[in-house]
Amino acid sequence: MPLSTERKKEYFGKMKQLLSSYSKAFIVEVDNVGSKQLQDTRSELRGRAEVLMGKNTMMRKCIREFGTENPDSPAKKLEETCRGNVGFVFTNGDLAEIRTVLESNTRPAPARVGAIAPVKVVVPKGPTGCDPGQTAFFQTLQIATKITRGQIEMVNDTNLIEPGEKVTASQAALLQKLNIEPFTYGLILRKVYDNGSLFDAKVLDITEDVLAAKFTNALNVLASISLALGIPTKASVPHSIANAYKAILAITIQLENYSFDKADTVKAYLADPSKFAGPATGGGGGGGAGSGGAGGGEAAAEAVKEEEKEEEEMDLGGGMDMFGGGEEGGGGGGGDY
């Protein structure tokens, strides 16, 4: 039944008021969503969002009129989204919160004849509760069965319906016999409108953690390329400085007449590691503790020697050399310097 002139005027006024009051909106698809389910969604969103449904022609006309009355408003972009069985959820709150409410409000539903299957339907094997007289029904659907304890039992799991297929009468009847409700229906998010921008709802899956991880990965790649090419960038300079420090330190600890503050600590440690060993713990068995402390000091000294050996063997050629030396010039120890 078409709306009266008064009701249309009231609807237009409400939608224009929502367009002017809210800067964010979800465009949702409401196929197979019942009025009770929609009412429950409205109740959960009360105070945080407004749900508006209507005929596409009315919504498009209202948005067009609103755009004419407010030329600077970006809301006119919503006109192109009025395609199919859709509605709007207007909000000024956090989109992620509203999205959680919309996606959580789903209901199981039976497979109706002619409906398009949104997901794959697999009927598990096992007893069906059907009497042996209905064997022919299962044979029509090419389902292997056997009779067990006076009832039909399915031998294997059966792929009954593929996504995108129309549900046939036989498939719907089988699911009804087995009391299976394979589908769940709710408001499906199609588009997001945010302060004049219109984008796919999948963009909301990108969280701050995802962005930070992507940025860090890109920064690491940039630093690696810069170091390999020998071209300094903001991303590679910290690594170049660290590599240069290691190179200078490796050379300085071999010199007797030259040192600097940072190298003095390393030299002192290499000269007598026991000075940096912590106090021995434990009460009795002084001899054992002493030998344990000595063993710990020797282990620490070996670890430092191994570290210094690795630093001396480090490849400082190519793009990693801050001092212009290349691999082809490194014949003797420290020749690049």
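Residues numbered from 1 in each chain as written. Predicted model: local features only at pLDDT ≥ 70, side-chain atom pairs only at ≥ 80, totals over all residues. Heavy atoms only, no water.

(A) Looking closely at the packing of helix α8 (residues 237-252) against helix α9 (residues 261-271). The contact between α8 and α9 brings their axes to 10 Å, and the two run at 55°. The pairing of α8 with α9 is recorded here as oblique in orientation. Crossing hand, α8 versus α9: right-handed. Taken together, the residues of α9 that come into contact with α8 (itself represented by Tyr-245, Leu-249 and Thr-252) are Lys-262, Ala-263, Val-266 and Lys-267. Here the residues of the contact of α8 with α9 are counted per class, giving four nonpolar, one polar and two charged. (Axes fitted to C-alpha atoms, helices over the stretch in contact; angles between N-to-C directions. Helix = DSSP H or I, 4+ residues; strand = E, 2+ residues; numbered from the N terminus. Parallel < 35°, antiparallel > 145°, perpendicular 65-115°, else oblique. Left-handed = near helix turned anticlockwise from the far one by under 90°. Contact = heavy atoms within 4.5 Å. Nonpolar A, V, L, I, M, F, W, Y, C, P; charged D, E, K, R; others polar.)

(B) The confidence of the model for the chain, seen in detail. Residue-level pLDDT values for the chain average 80, and 81% of them are 70 or greater. Of all the helices and strands in the chain, helix α10 (residues 286-313) carries the lowest mean pLDDT, 49, while strand β3 (residues 86-91) carries the highest, 92. This model gives residues 283-297 a pLDDT under 50, and the stretch forms one contact once residues within four places in sequence are excluded. Long-range and interchain partners of residues 311-337, a stretch whose pLDDT sits below 50, account for 36 contacts in this model, where long-range means more than four residues apart. (pLDDT = per-residue confidence, 0-100.)

(C) Local environment of the sheet that holds strand β8 (residues 151-154). One open sheet accounts for three strands, arranged β6-β8-β7; its pairing is antiparallel. Each of the sheet's edge strands pairs with one partner strand only, and the pair in question is β6 (126-127) and β7 (145-148). (Pairing = 2+ DSSP bridges.)

(D) How the structure looks around the packing of aromatic side chains. Counting across every chain of the model gives four aromatic pairs. The interplanar angle of 85° and the centroid separation of 5.9 Å between the aromatic rings of Phe-137 and Phe-138 together place this pair among those described as edge-to-face. Phe-138 sits in the buried class, given a relative accessible area of 0%. By way of ring pairs, the aromatic residues Tyr-22, Phe-88 and Phe-90 are connected into one cluster. The residue whose ring lies beneath Lys-177 is Phe-137, and the NZ or CZ to ring-centre distance is 5.3 Å. (Phe/Tyr/Trp six-rings, centres within 6.5 Å; stacked < 30°, edge-to-face > 60°. Buried < 20%, exposed > 50% of the residue type's maximum accessible area, 1.4 Å probe, protein only. Lys NZ or Arg CZ within 6 Å of the ring centre and 35° of its normal.)

(E) The arrangement of the pattern of salt bridges in detail. Scanning all chains against the criterion turns up nine salt bridges. The partner of Lys-16 in a salt bridge is Glu-69, and the shortest N-O contact between them spans 3.1 Å. Of this pair, Lys-16 sits in helix α1 (residues 5-21) while Glu-69 sits in helix α3 (residues 56-69), and the two are 53 residues apart along the sequence. A residue is classified by how much of its surface remains accessible, and Lys-16, at 17% relative accessible area, is buried. When salt bridges with common partners are traced through the structure, they connect Lys-16, Glu-65 and Glu-69 into a single cluster. (Salt bridge = Lys/Arg side-chain N within 4 Å of Asp/Glu carboxyl O.)

(F) Focus on the side chain of Thr-81. Note on placement: Thr-81 falls in the loop between α3 and β3. The exposure class assigned to Thr-81 is buried, which follows from its relative accessible area of 10%. Polar contacts involving the side chain of Thr-81 include one to the main-chain carbonyl oxygen of Leu-78, which spans 2.5 Å. (Polar contact = N/O pair within 3.5 Å; in protein donor to acceptor, adjacent residues only side chain to side chain.)

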